[in-house]
Amino acid sequence: MNLQLDTNSEIENDHKESFRNDVIAGLKSNPKKLSSKYFYDKIGDHLFQEIMTMPEYYLTTCELDIFKNKTAELTNLIMQGNEPFDLIELGAGDAMKSSYLLKYLVEKKVEFTYMPIDISGNILSILNEKFKKQLPDLKITSLEGEYFEMLKKAASLSSRRKVILFLGSNIGNMNIDEAEKFLTDINQNLTSGDILLIGFDLKKNPHIILNAYNDKSGITAAFNLNLLIRINRELDADFNIGQFQHYQNYDPVSGACRSYLVSLKKQDITIGNDTISFEENELIDMEVSQKFSDEKIKELSEKSGFKTIGEIKDSKKWFVDTVWQVNK
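Calculation rules
- Residues numbered from 1 in each chain as written.
- Predicted model: local features only at pLDDT ≥ 70, side-chain atom pairs only at ≥ 80, totals over all residues.
- Heavy atoms only, no water.
- Buried < 20%, exposed > 50% of the residue type's maximum accessible area, 1.4 Å probe, protein only.
- Helix = DSSP H or I, 4+ residues; strand = E, 2+ residues; numbered from the N terminus.
- Right-handed = clockwise from strand over helix to strand, strands pointing away.
- Pairing = 2+ DSSP bridges.
- Disulfide = S-S within 2.5 Å.
- Contact = heavy atoms within 4.5 Å.
- Polar contact = N/O pair within 3.5 Å; in protein donor to acceptor, adjacent residues only side chain to side chain.
- Expected span 1.5 Å × (residues − 1).
- Arc of directions from axis to C-beta.
- Core = buried A, V, L, I, M, F, W, Y, C linked by side-chain atoms within 4.5 Å.

Peer 1: Give a detailed account of the pairing of strand β2 (residues 85-90), specifying residues and quantitative values.
Peer 2: Extensive coverage of β2 is indicated by the burial of six of its six residues. The side-chain alternation of β2 yields two buried faces, one formed by F85, L87 and E89 and the other by D86, I88 and L90. Each parallel crossover has a hand, and the one from β2 via helix α5 (residues 98-107) to strand β3 (residues 112-118) is right-handed. Of the pairings in the sheet, the one linking β2 to strand β5 (residues 161-166) comprises five bridges and is parallel in character.

Peer 1: With reference to specific residues and values, describe the state of the cysteines.
Peer 2: Following the criterion strictly, the structure yields zero disulfides and no others. With no disulfide of its own, C62 has C257 as its nearest cysteine by sulfur position, at a separation of 15 Å. Given the relative accessible area of 4%, C62 is considered buried.

Peer 1: With reference to specific residues and values, describe the environment of Q325.
Peer 2: Within the secondary structure layout, Q325 lies in strand β13 (residues 319-326). Excluding its chain neighbours within four sequence positions, the residues that come into contact with Q325 are Q80, G193, D194, I195, G305, F306, K307 and I309. Within the local environment of Q325, its side chain forms a polar contact with the backbone oxygen of G193, the two atoms lying 3.4 Å apart.

Peer 1: Tell me what's going on with helix α8 (residues 176-188), and back it up with residues and numbers.
Peer 2: Over its 13 residues, α8 extends 18 Å from the first C-alpha to the last, a length consistent with the 18 Å expected when each residue adds 1.5 Å. Regarding α8, the residues found buried are A179, F182, L183, I186 and N187. Seen end-on, α8 carries its buried residues on one side only, within an arc spanning 140°. The outward face of α8, more than 90 degrees from its buried face, is lined by the exposed residues D177, K181 and Q188.

Peer 1: Go over the nonpolar core, please, and point to the residues and values.
Peer 2: In terms of nonpolar packing, the biggest core is built from 67 residues, with L87, F112, Y114, I231, F239 and I271 touching the most fellow members. When residues of this core are assigned to their parent elements, the largest contribution, seven residues, is made by helix α10 (residues 219-235). Among residues more than four places away in sequence, those in contact with L87 are L101, L102, L105, F112, T113, Y114, M115, V163 and L165. L90, A179, F292 and V326 belong to the second-largest nonpolar core, a separate cluster that totals 28 residues.

So this is what it looks like as structure tokens:
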């Protein structure tokens, strides 16, 4: 018996069961909702790479400005003497921004291990191959799975100080209450002195924000619709993709930029043995991309048990990477 194959099969089945349960629960709720964490299959990964290169999608450029041009400042904020540490990136993706920090740390001969966490095994494989070529001296341990499960695994692998990266304003994919709980949970998975470096997209001209998520080329629409294609493929569903349309809005007061899919007619969808009914013009809530004020960021830090030890904004002051320390 091949124990490794059996274990991988069990993990794959568990992931599929979780995916199915979340999809059914979300589509039977009112209003209907799908979790944005399931956007990232192989096609979703590719589409998101395209989104990040769109001229309208300023977030990548802004945070890249920080990591590319202010790398020494970032390093000064996360370092504590010469103490070795684990650099853990939540939702690492292609690590385009963090690669500048990794390169700088390797060149300075800092003792650390890079631990990218991602739900997409595909993107982690790409990442491993990329760094074998680009940074052969980098110590890397990839962790595929959910954030908190993998944070616990990282803690079991090493007792060194932890520096957590949560970039790209991924925190904005949660409602404010969800973000506060998420950050509190991260705090509780860390120990005194550990650090969280977290990216926040700041409130700005609402036209700039809406254009970033409502591109005329339709890449963002395809990214949202691809989740229905994934559900069809992996969960034996029968969504007619042509009967759903992407819709985007932004509320500059609350800072919430929301993506929806609109059912263009009254229809029934089957997912395995389950039937989901849609009314004409009924919405599926796909994703929120929350924008933040400086005051709200400070409030989140305090409520979740961190203290702010520094922050760096891009040259336009549209985006901030703030560094928090566990305050226990």
